Every structure is written in structure tokens, then in C-alpha cells.
Amino acid sequence: MSNFWSVVLDLLRLRAGPEDLPDQRGLTLLLIGLYIVQGVIASESLGGEHEPQRTLLSIGIQFGIVTAILYWRRQPERLQQTLMAFAVTGIVIGMLAFLLLMQADTGVNQPLLALVWFGLLGWSLAVEANIFRHTLEISLPLGMLVTVMLFAVNYLLIESLFR
């Protein structure tokens, strides 16, 4: 199991890809479940109208688009490890984001917190781009394009449904 965590650390440092994770259905389903639970709990804690539903839909859109891309590229065998990579990195980055957001005070100007938040967002996008780079066998800039497009589609769909 220590090898698993070293691969996760390498995923977060952009030094590994989903293919380095174990190909285990049970572990994948467990991590996806934890990713969903962590997202829902964090969104409920932070408040806002329909936040848990937004989180569930966001994860569903992300995984649905990833699945569609892999089937369109005729690479469904990569799906399990790719979803595991998105789930496990999403858990780690989501927990860090939650800790940052818990420090936010809407009545106070917090430029350092905002800077750290944007750094975390950039790192998150880079991690996802790296996962796409390995999964789709494309360049990192193209992986970043796929990541940003997925982010935009996800945002537009959720905003249009929860006006």
C-alpha cells in the first residue's frame, strides 16, 4: 500500500500517470465513493444553495466526459485507472481547498489566502492536465486545453441548471 501512496504523491507532483496506479476495481470504486462523500460533506459545510447537488453533478459530468472521451478514442481499458487518478487526486486537492475555504472571511480582505487559493487552482488544473496527458497520450499543453475545456463545460452546465 505504501507504493500506492508514493504513486499518488507522484501524480500530484506530475511525475506519474494513471497507468502507474493499480488496476483494481474495488479500490477504484472505494476512491470514487470517498471522492463523492468528501465533496458532498465539504459543500454542505461551506453552505450555499444546492451545493451538494452541484458537487454531485460536477463529479458526474467530469466522469461522464472522461468516459465518453476514452470510448470515443477506443481506449476503454484506461477508464478504471483514469477515474481512480481523478478521484484520489481530487480527494487530496479537495481537502486542501476545504481547509483554505474554512479560513475565508467574506468581511475581510485576505490577499494571501486568495493567492494560495489561485495557486491551488492552478496546481489542480496541472494535475488534471497531466492525467489527460498520460491517458490520451497527448502533450501537456493539449492536456491543459482538454482540462480547461472540461472545466468550462462543467461550469456552464451547472450554472445553467442552477440559476
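See the structure shown above.
In this report, the structure presented in the accompanying data block is examined. For clarity, every value in this text was computed on a predicted model and none was experimentally measured. (Residues numbered from 1 in each chain as written. Predicted model: local features only at pLDDT ≥ 70, side-chain atom pairs only at ≥ 80, totals over all residues. Heavy atoms only, no water.)

Details of the nonpolar core
Then comes step 1: The biggest cluster of nonpolar side chains holds 35 residues, and the ones touching the most others in it are F4, L21, L31, F63, V66 and F132.
Then comes step 2: Tallying contributions element by element places helix α4 (residues 79-102) first for this core, with 11 residues.
Then comes step 3: Leave out the neighbours within four places in its chain, and L21 touches F4, V7, V8, L11, Q81, M84 and A85. (Core = buried A, V, L, I, M, F, W, Y, C linked by side-chain atoms within 4.5 Å. Buried < 20%, exposed > 50% of the residue type's maximum accessible area, 1.4 Å probe, protein only. Helix = DSSP H or I, 4+ residues; strand = E, 2+ residues; numbered from the N terminus. Contact = heavy atoms within 4.5 Å.)

Topic: a nonpolar patch on the surface
Then comes step 1: A contiguous nonpolar patch, built from L46, L101, M102, W117, F118, L121 and F151 and spanning about 650 Å² of accessible area, is present on the exposed surface.
Then comes step 2: Listed by contribution, the elements that provide at least two residues to the nonpolar patch are α4 and α5 (111-136).
Then comes step 3: When residues of the nonpolar patch are assigned to their parent elements, the largest contribution, three residues, is made by α5.
Then comes step 4: On the secondary structure map, M102 appears in helix α4.
Then comes step 5: Among the residues examined, M102 registers a relative accessible area of 46% and is labelled partly exposed. (Patch = residues over 30% accessible without salt bridge, like charges linked within 9 Å, V, L, I, M, F, W, Y side chains within 5 Å. Areas by Shrake-Rupley, 256 points an atom, 1.4 Å probe, with all protein chains shown as cover. Salt bridge = Lys/Arg side-chain N within 4 Å of Asp/Glu carboxyl O.)

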